[in-house]
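Tertiary structure, described
So you can see what is in the structure, the chains are spelled out below.
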Amino acid sequence: MRYGVDVINFWRLGEPEMIQEIARTAEAAGWDGLFVWDHVSAAWESGGVAIFDPWTLLAGAACVTERIVLGTNVTPVPRRRPQVLAMQVATVDHLSQGRAVLGVGLGAEEADFVRFGEDFAAGLRAEKLDEALDVITTLWSGGLVQHHGRHYMVDGVRNLLRPVGGARCPIWVGGNSDPALRRAARWDGWTTGIIADESGRVGVSPKEVGERIRYLLDHRRSNEPFDVLVEGYSEAGTAGIDLAASYEAVGATWWCDSINGLRAPIEDLMARIAAGPPRA
């Protein structure tokens, strides 16, 4: 199992200097990945909030680290332009020498769509996600792209900016519905979303995660490596190690600790990161 921290890029936690500090601290403490959110609004914050761009933050983190994986958990692709996202991710991949991961999803926050005049219909978002992933990965091929789809068009473009590792950066799909699991089966990983509420109470058991993994693998047609990320709250010491291990036992390959202001004050969050992952 590998271990990461998933940071909400709002408020002070999203400030570029703070993300770089978190990245350095996490790498020094033995964590394996840094992931950030991808939102453009926070409807629950009536007074407003500073929200920072995830791929710019990850680029900054790439410049102060050497080992940890960097990615989003997750980017709502239906409100992104796939040709721009393809360049952003590949650029971070080059800055990090091949450490970028693209976490994707439909987008669960309605305000991120409707408050900017975009359609939130689930079927439409699913269509756009699937088509956009085809556009992104085809652009990453470095070949001449001719795409005339229902939602996107690429008319004879060749971009030679390719991911460092070859065909594509790993693509991890978020969501817990059957269609989301079947979509994840076609790509490189599944990210389950947070399994604990703001108090740290675990709401999705290892048994439930294991059942979903089995469903996903029943629909997988590739023997290539596949990642499963679970996210929650762990404490330093035996209890945290046992919690992460219980998900590893059912097939999870990543444990991520959620780093957000509802969990604890920033000083306590930084201390948790510095204490290192719940690795046996």
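Provided above is the structure to which this section pertains.
First things first, this report covers the structure right here in the doc.

Rules used throughout
- Residues numbered from 1 in each chain as written.
- Predicted model: local features only at pLDDT ≥ 70, side-chain atom pairs only at ≥ 80, totals over all residues.
- Heavy atoms only, no water.
- Helix = DSSP H or I, 4+ residues; strand = E, 2+ residues; numbered from the N terminus.
- Rg over C-alpha atoms; globule rule 2.2 N^0.38 Å.
- Contact = heavy atoms within 4.5 Å.
- Areas by Shrake-Rupley, 256 points an atom, 1.4 Å probe, with all protein chains shown as cover.
- Lys, Arg positive; Asp, Glu negative; His and termini not counted.
- Charge placed at Lys NZ, Arg CZ, Asp CG, Glu CD.
- Core = buried A, V, L, I, M, F, W, Y, C linked by side-chain atoms within 4.5 Å.
- Buried < 20%, exposed > 50% of the residue type's maximum accessible area, 1.4 Å probe, protein only.
- 1 Å grid on protein atoms, 1.4 Å probe; cavity = no way out; pocket = protein on both sides within 12 Å on 5 of 7 lines; lining within 4 Å.
- Points joined across faces, edges and corners; volume = space filled by probe spheres on them.
- Nonpolar A, V, L, I, M, F, W, Y, C, P; charged D, E, K, R; others polar.
- Phe/Tyr/Trp six-rings, centres within 6.5 Å; stacked < 30°, edge-to-face > 60°.
- Lys NZ or Arg CZ within 6 Å of the ring centre and 35° of its normal.
- Axes fitted to C-alpha atoms, helices over the stretch in contact; angles between N-to-C directions.
- Parallel < 35°, antiparallel > 145°, perpendicular 65-115°, else oblique.
- Left-handed = near helix turned anticlockwise from the far one by under 90°.
- Salt bridge = Lys/Arg side-chain N within 4 Å of Asp/Glu carboxyl O.

The next point concerns the overall build of the chain. A count of helices and strands for the chain gives nine helices and eleven strands. Expected size for 280 residues packed as a compact globule is a radius of gyration near 19 Å; at 18 Å, the chain falls within 12% of this value. Summarising its shape, the C-alpha atoms of the chain cover approximately 55 × 40 × 40 Å along the three principal directions. If you take every contact in the chain between residues at least 6 apart in sequence, the share linking residues at least 24 apart comes to 71%. Of the roughly 12400 Å² of accessible surface on the chain, 51% is carried by carbon and sulfur atoms. Where the 27 positive side-chain charges of the chain centre and where its 37 negative ones centre are 5 Å apart.

All right, on to the nonpolar core then. Inside soluble globular proteins, nonpolar side chains tend to come together where they are buried. By size, the foremost hydrophobic cluster in this structure holds 68 residues, and its most contacted members are Val5, Val7, Leu13, Ile22, Leu34, Trp140 and Trp190. Broken down by element, this core gets its largest block of residues, seven residues, from helix α5 (residues 122-140). Not counting the four nearest positions on each side in its chain, Ile22 is found in contact with Val5, Val7, Leu13, Leu34, Met270 and Ile273. Core analysis: the second largest hydrophobic core is formed by seven residues, Val69, Val101, Trp172 and Leu229 among them.

If you add up the space inside the largest pocket, you get close to 990 Å³. In this structure, the largest pocket is lined by 42 residues; those nearest its centre are His39, Asn73, Ala108, Gly193 and Ile194. Contributing elements (two or more residues each) for the lining of the largest pocket: α4 (111-114), α5, β8 (171-174), α6 (178-185) and β9 (189-194). Per-element accounting of the lining of the largest pocket gives the leading share, four residues, to β9. Of the residues belonging to the lining of the largest pocket, the class tally is 18 nonpolar, 14 polar and ten charged.

Residue position: Phe10 is located in the loop between β1 (2-7) and α1 (16-29). Judged by relative accessible area, which is 0%, Phe10 ranks as buried. A C-alpha to C-alpha distance of 9.8 Å links Phe10 and Asp38, two positions 28 residues apart in sequence. For Phe10, the residues in contact, after removing those within four places along its chain, are Trp37, His39, Ser41, Ala42, Trp44, Val49, Ala50 and Ile51.

This paragraph deals with the packing of aromatic side chains. For any pair of aromatic rings, the description consists of the separation of the ring centres together with the inter-plane angle of the planes. Under the defined criterion, the tally for this structure stands at seven aromatic pairs. Here Phe10 and Trp37 contribute two aromatic rings whose centre-to-centre distance is 5.8 Å and whose plane-to-plane angle is 75°, an arrangement assigned as edge-to-face. With Phe10 in the loop between β1 and α1 and Trp37 in the loop between β2 (33-36) and α2 (54-62), this pair connects stretches of sequence that are 27 residues apart. Accessibility expressed as a relative area gives 22% for Trp37, which makes it partly exposed. One aromatic cluster in this structure is built from Phe10, Trp11 and Trp37. We note Arg125 situated over the ring of Phe113; from NZ or CZ to the ring centre the distance is 5.9 Å.

Here the focus is the packing of α6 against helix α7 (residues 206-218). It is at 8 Å that the axes of α6 and α7 come closest, and there the two elements cross at 55°. Between α6 and α7, the angle is such that the two are oblique. α7 is crossed by α6, and the crossing has right-handed handedness. The segment α6 lies against α7, with Asp178, Leu181, Arg182, Ala184 and Ala185 engaging Arg212, Tyr215 and Leu216.

Summed over all chains, the structure comprises 13 salt bridges. For Glu267, the salt bridge identified is with Arg12, shortest N-O distance 4.0 Å. You can see Glu267 sitting in helix α9 (residues 266-274) and its partner Arg12 sitting in the loop between β1 and α1, a full 255 residues away along the chain. Relative accessible area serves as the criterion here: at 52%, Glu267 is assigned to the exposed category. Classification of Arg12 by relative accessible area gives partly exposed; the value is 42%. Two residues, Asp257 and Arg272, come together in a salt bridge whose shortest N-O distance is 4.0 Å.

To continue, consider the packing of helix α3 (residues 82-95) against α5. Viewed as axis vectors pointing N to C, α3 and α5 meet at an angle of 50°, and their least axial separation amounts to 9 Å. Between α3 and α5, the crossing angle belongs to the class labelled oblique. In terms of crossing hand, the pair formed by α3 and α5 is right-handed. Facing α3, whose interface residues are Pro82, Gln83, Leu85, Ala86, Val89 and Ala90, α5 presents Ala132, Val135, Ile136, Leu139 and Trp140. In terms of residue class, the contact of α3 with α5 is built from ten nonpolar, one polar and no charged.

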